[in-house]
Amino acid sequence: RGNAAFVPLRGERGRCVAVPACEHVFVWDTRKGEKVLILKGLKQEVSCLCPSPDGLHLAVGYEDGSIRVFSLLSGEANITFNGHKAAVTALQYDHLGGRLVSGSKDTDVIVWDVINESGLYRLRGHKDAVTQVLFLKEKNLLVTSGKDTLVKWWDLDTQHCFKTLVGHRTEVWGMALISEEKRLITGSADSELRVWDITYIQEVKDPDEPESKKSKGSSPGAEENTEEDETLELDEHPEERLVKCSKVGSIMREGRDRIVTLATDRTGKILACHGTDAVLEVFSVLSEEEVQKKLEKKMKKAKKKAKQNSEEEPERSVELSLQDEIQRVANVRASSKIKSFDLILSPKGELKIVLLLQNNIIESYNLNLSAQVPQAVRASRITIGGHRSDVRTLAFSSDNIAILSAAAESVKIWNRLTLQCIRTMDCEYALCSLFVPGDRQVIVGTKTGKLQLYDLASGSLMETLNAHDGAVWSIALSPDQRGFVTGGADKCVKFWEFELVKDESSVQKRLSVKHVRILQLDEDVLCVRYSPNHKLLAVSLLDCTVKIFYIDTLKFFLSLYGHKLPVLCMDISYDGTLIVTGSADRNVKIWGLDFGDCHRSLFAHDDSVMYLQFVAKSHLFFTAGKDSKIKQWDADKFEHIQTLEGHHQEVWCLALSPNGDYVVSASHDKSLRLWERTREPLVLEEEREMQREAEYEESVAKEEQPVVAGETQGEIGLAGKKTIETIKAAERIMEAIELYREEMAKLMEHKAICKAAGKEVPFPVNPILRAYGNITPSAYVLEVFKKVKSSELEESLLVLPFSYVPDLLRLFNEYIHLGLEVELLCRALLFLLKIHFGQITGNHMLVTVIENLKKTTISRVSEARDVLGFNMAGLQYLKREIEAKDEVTFFADATDRFEEKKRKRKKKEKMVLAML
């Protein structure tokens, strides 16, 4: 889902690369091929990465719309932003790293203040997912592109969209700024990269500027325009008051399909893009000086030609084509389809490229741009551990230690204790597997109908048998462990036995299998299972039924009919009394094996049930579904026990260890997950409660945002969103104000009692205030206020009922008068005034409070501003002092070095003379 990004770890650029790994982010050292840092996520999958310009932080966007900013020094997540309702699709820092802009599938663009850890505003305008967001360095502008074919220009001073480019027929998948932000390049679903010239109107309207500068960047036709024409044009097109954007032409890519990633390096000299194939196309963008040199060369050539043809001087000026300014450098061909890339141009002119491939590999390339014909050289490749494609089958060894996983290209054996891969063997597309009794060999059934027998000690393929004419969908070991049974797409169930055969190459006998019996059926076989007493065989067929046969005679015994779609998986309990079937119709049915009666049908998953298995020696079973969940059920009480959430996409298969303590699962998200049974008791009521809470949290995020009186839904909105955290924060503020009210009332009562008694009576202190160190009630409210996260402050105040606002305003007046937390309180105060303006101005009780606030706030804010100004001046003075010192020492060093060289030269001369 996410993208790869270079991160400067340990001060070295172009060595470490951050890549998403399900909910975590791994930072790999490409030179050593080692994992150097893991940025741990929560539950959601990572969808987007963006390193900060200073290289100290990494912003990570997730599938649920949250953004977390990690420190690359400590690996901790310092800041969390919640604002989007769907996956974050684009992230970008401004050039100073103070602001972060995010685009999402929910079509919104949000600008965040990283330093204050809060949201600034939400920009609405796109009608489909946002694909790219870019800050402009020089002006306070933002460019966004979306799948709605639009490129929008936003003025961040006024927070509105002042221009929309509509020159695309299809989705705009990528966008990049080049030539010092005077050109914009967009990539869409065809093979052309459209190039747009950007002219800042303020530049054009400046009368003192020389002619050449004025016409630069605008299209040739616009050059003849006079000043008057331009002002007229601007009045006709008011959106062009800030920026003029005109299409210059196109650069053709070699790829025919849609663009997936289009990006430049940090300097903007190199542009690269790739489609859905394995080729990265790299272009070089010439700087203004290089363009000028090229033009001069062309002019010389043209003059020479003209002289040779004895013509007069060429009248028309020589123009450079777009292809001359943006030149193709090289194509980098990866070993598989590219998912994303990142570039770094080193000062020596070497380009470092890192590619994240669709099959879970990271490749890094070096490209020497100064060479005559630049060729990309692969520097390193990280293919540690995992499979290159989805794991389709899993099996546990009988000693609970080894785990077998097989995919389209290889079989891997993992050690459960160390989680390391200990064997990798090439195979065909695997669909089912088992450990041979003794755990020294494994058998894999493939899509082409073969059975492959592997020896684990040597890691070699011992034998391949053509078992079925279609795919081998299922394999099951017989309870007596002497053989096994397979079911395939050729409508056959085949019985096999293990045997020892003499090997031609060695003296010892080796294990092999022989085919003993066959059961022919009318439909494709999807799953086969033995009953533990070795009397019955259950076979699930493509006609949605499960047929049960006697093993000894292969006579028909029962048919289990009831599923609406084929049964994809089933299992028989250890005592042979129950059979559970899971189907593509999302249901799990529990049947009695004595009469074939259906005990209960359970709606198990939100999509097909892909795999199920009983826990050893119990009637509990696990199911895995395409809805990315694994669930545990009780087949006696027909209850759902727990849900194991962790996978982000379809779960294809799972395996339980023979002792029932471990579950291993494989999913389309490319991960294998190991689950361990803990010793703590599981209370069903608590599980239900947690489930209800999770559902409530989800519903809160989906609710409509609270409405601010007098405001219409426009282009701009609040950055945050209502979450369970913002509601809790508002509740804490309400509780604190209530405590303050009660304590103040008690204090009044206490004063009255003291007056009546004529002496000081002891006052009982509230235990909460005592816990905080005997603070006053008003100080307690401030403590609570300070603990509200900066990014959640506005949303918390938005859900706060108005009845608490008058007390808050009085308290704010008190705090600001004392000079406490002026910045935070001013932010909260202005927000409260904005959202409750009508009620506050209409309340006569609050007139004096507001008047007082006005006085105290203005004086305190100007004080804070003076302090800041003084500190800034001091820092700048120190900076100048340090620079001056550095220069002095630098010159001193240089003089010393020069003297040293002189001394050495003299010594050398003396030695030479002595020799002579």
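Our structure is the block above this text.
So, a few notes on the structure that sits alongside this text. Since we're looking at a predicted model, the values are computed, not measured.

## Things to note about the overall build of the protein
When you go through the protein residue by residue, the secondary structure sums to 14 helices and 56 strands. Judged by the C-alpha coordinates and their principal axes, the protein covers about 115 × 100 × 80 Å. Across the protein, contacts joining residues at least 24 apart in sequence account for 47% of those joining residues at least 6 apart. Averaging the locations of the 125 positively and 137 negatively charged side chains of the protein gives two centres separated by 5 Å.

## Digging into the sheet that holds strand β31 (residues 410-415)
Pairing between sheet strands relies on hydrogen bonds along the backbone, with the strands arranged either parallel or antiparallel. Read from one edge of the open sheet, 4 strands run β29-β30-β31-β32, paired in antiparallel fashion. The open sheet terminates on both sides in strands that have one partner only, identified here as β29 (393-396) and β32 (421-426). In this sheet, neighbouring strand axes are inclined to one another by 15° on average, regardless of whether the strands run parallel or antiparallel. Taken together, the 4 bridges between β29 and strand β30 (residues 402-406) define a ladder with antiparallel strand orientation. Across the sheet, T393 pairs through a bridge with A406, a residue of β30.

## Section: the sheet that holds strand β12 (residues 118-123)
Taken in spatial order, the 5 strands line up as β9-β10-β11-β12-β56 in an open sheet, and their pairing is antiparallel. Because the sheet does not close on itself, it has two edges, and the strands there are β9 (88-93) and β56 (716-717). Where β12 meets β56, 2 bridges bridge the pair, whose relative direction is antiparallel. Following the sheet pairing, L123 is matched in β56 by I716.

## Observations concerning unusual backbone geometry
Despite not being glycine, R586 has its phi angle at roughly 80°, a positive value. Considering the arrangement of structural elements, one finds R586 in the loop between β46 (578-583) and β47 (587-592). Despite not being glycine, N774 shows a phi value in the positive range, around 50°. Residue position: N774 is located in the loop between α8 (767-771) and α9 (777-787). Residue class for N774 comes out exposed when judged on its relative accessible area of 53%.

## Quick notes on the packing of aromatic side chains
Across all of its chains, the model carries 9 aromatic pairs by this definition. Between F549 and F556 the ring centres are 5.9 Å apart and the planes differ by 70°, which places this aromatic pair in the edge-to-face class. Taking relative accessible area as the criterion, F549 reaches 6% and is therefore assigned buried. Taken together, a centroid distance of 5.4 Å and an interplanar angle of 85° make the contact between F785 and F812 edge-to-face. With a gap of 27 residues between them, F785 in helix α9 and F812 in helix α11 (residues 805-818) connect regions that are remote in the sequence. An aromatic cluster is present here, built from F484, W496 and F498 joined pairwise through their rings. The ring of F26 is capped by K35, whose NZ or CZ atom sits 4.1 Å from the centre of that ring. Seen from the ring of W173, R258 lies directly overhead, with NZ or CZ sitting 3.8 Å from the centre.

## A few points about α11
For α11, built from 14 residues, the straight-helix expectation of 20 Å at 1.5 Å per residue is met to within 8% by its first-to-last C-alpha distance of 20 Å. In terms of burial, α11 is largely enclosed, as 10 of its 14 residues are buried. Those residues of α11 lying buried are V805, P806, D807, L808, L809, L811, F812, N813, Y815 and I816. Phi turns positive one or two residues past the end of α11, at G819, with a value near 75°.

## So, the state of the cysteines
By the definition in use, this model includes 0 disulfides. A disulfide-free cysteine, C16 has its sulfur positioned 17 Å from the sulfur of C50, the nearest such atom. Exposure remark for C16: the relative accessible area of 2% places this residue in the buried category. Left unpaired, C50 is separated from the closest cysteine sulfur, that of C48, by 7.2 Å. Judged by relative accessible area, C50 falls into the buried class, the value being 8%.

## A short note on the pairing of strand β40 (residues 509-520)
Pairing between strand β39 (residues 492-502) and β40: 11 bridges, direction antiparallel. The partner of K502 across the bridge, within β40, is K509. Remark: 6 residues form the turn of the hairpin made by β39 and β40, two consecutive strands paired antiparallel.

## Points about the pattern of salt bridges
The full count for this structure, using the stated rule, is 25 salt bridges. A salt bridge links R860 to E863, with the shortest nitrogen-to-oxygen separation between them at 3.1 Å. Residue R860 and its partner E863 are located together in helix α14 (residues 847-915), separated by 3 residues, close to a single helical turn. A network of salt bridges, in which partner residues are shared, links R183, D197 and E325.

## So, a positive patch on the surface
Where like charges cluster on the molecular surface, the positive patch consists of K293, K297, K300, K301, K303 and K307. Assignment of secondary structure puts K300 in helix α4 (residues 288-308). For K300, a relative accessible area of 64% puts it in the exposed group.

## Things to note about the environment of E725
If you trace the backbone, E725 turns up in helix α7 (residues 724-757). Spatially, the C-alpha atoms of E725 and K789 are 9.2 Å apart, while their sequence positions differ by 64 residues.

## A word on the packing of α9 against helix α12 (residues 822-835)
In the contact formed by α9 and α12, the axes pass within 11 Å of each other and the chain directions differ by 85°. Put simply, α9 runs roughly perpendicular to α12. Every residue of α12 that contacts α9 at L782, F785 and K786 is listed here: L824, L825 and A828. Taken together, the residues of the contact of α9 with α12 break down into 5 nonpolar, no polar and 1 charged.

## As for the nonpolar core
Residues F785, L797, L809 and F812 are the most contacted members of the largest nonpolar core, which totals 36 residues. Breaking this core down by element, the ones donating at least two residues are α7, α9, α10 (793-798), α11, α12 and α14. When residues of this core are assigned to their parent elements, the largest contribution, 7 residues, is made by α11. Of all hydrophobic cores here, the second largest spans 18 residues; its members include L351, L355, I361 and L367.

## Let's talk about the side chain of S512
Positionally, S512 belongs in strand β40. A polar atom in the side chain of S512 sits 2.8 Å from the side chain of E463. Those residues in contact with S512 that sit more than four places away from it in its chain are L453, E463, E497, F498, E499 and V501.

## Quick notes on the environment of R99
Relative to the helices and strands, R99 is located in strand β10 (residues 99-104). Among residues more than four places away in sequence, those in contact with R99 are Q92, Y93, D94, V111, W112, V114, L120, F135, N140 and L156. A distance of 3.0 Å separates polar atoms of two side chains, one belonging to R99 and the other to N140.

## Structural notes on the environment of Q159
By the secondary structure assignment, Q159 is in the loop between β15 (151-155) and β16 (160-165). Once residues within four sequence positions are removed from consideration, Q159 is found in contact with Y121, L123, E715 and I716.

## A closer look at a negative patch on the surface
A cluster of acidic residues, E138, E180, E288, E289 and E290, forms a negative patch at the surface. Within the secondary structure, E289 sits in helix α4. A residue is classified by how much of its surface remains accessible, and E289, at 57% relative accessible area, is exposed.

## Some remarks on the packing of α9 against α11
Viewed as axis vectors pointing N to C, α9 and α11 meet at an angle of 95°, and their least axial separation amounts to 11 Å. Between α9 and α11, the interaxial angle falls into the category roughly perpendicular. Between α9 and α11, the residues in contact are S778, V781, L782 and F785 and L808, L811, F812, E814 and Y815, respectively. Among the residues forming the contact of α9 with α11, the class breakdown is 7 nonpolar, 1 polar and 1 charged.

What counts and how
Residues numbered from 1 in each chain as written. Predicted model: local features only at pLDDT ≥ 70, side-chain atom pairs only at ≥ 80, totals over all residues. Heavy atoms only, no water. Helix = DSSP H or I, 4+ residues; strand = E, 2+ residues; numbered from the N terminus. Contact = heavy atoms within 4.5 Å. Lys, Arg positive; Asp, Glu negative; His and termini not counted. Charge placed at Lys NZ, Arg CZ, Asp CG, Glu CD. Pairing = 2+ DSSP bridges. Axes fitted to C-alpha atoms, helices over the stretch in contact; angles between N-to-C directions. Buried < 20%, exposed > 50% of the residue type's maximum accessible area, 1.4 Å probe, protein only. Phe/Tyr/Trp six-rings, centres within 6.5 Å; stacked < 30°, edge-to-face > 60°. Lys NZ or Arg CZ within 6 Å of the ring centre and 35° of its normal. Expected span 1.5 Å × (residues − 1). Disulfide = S-S within 2.5 Å. Salt bridge = Lys/Arg side-chain N within 4 Å of Asp/Glu carboxyl O. Patch = residues over 30% accessible without salt bridge, like charges linked within 9 Å, V, L, I, M, F, W, Y side chains within 5 Å. Areas by Shrake-Rupley, 256 points an atom, 1.4 Å probe, with all protein chains shown as cover. Parallel < 35°, antiparallel > 145°, perpendicular 65-115°, else oblique. Nonpolar A, V, L, I, M, F, W, Y, C, P; charged D, E, K, R; others polar. Core = buried A, V, L, I, M, F, W, Y, C linked by side-chain atoms within 4.5 Å. Polar contact = N/O pair within 3.5 Å; in protein donor to acceptor, adjacent residues only side chain to side chain.

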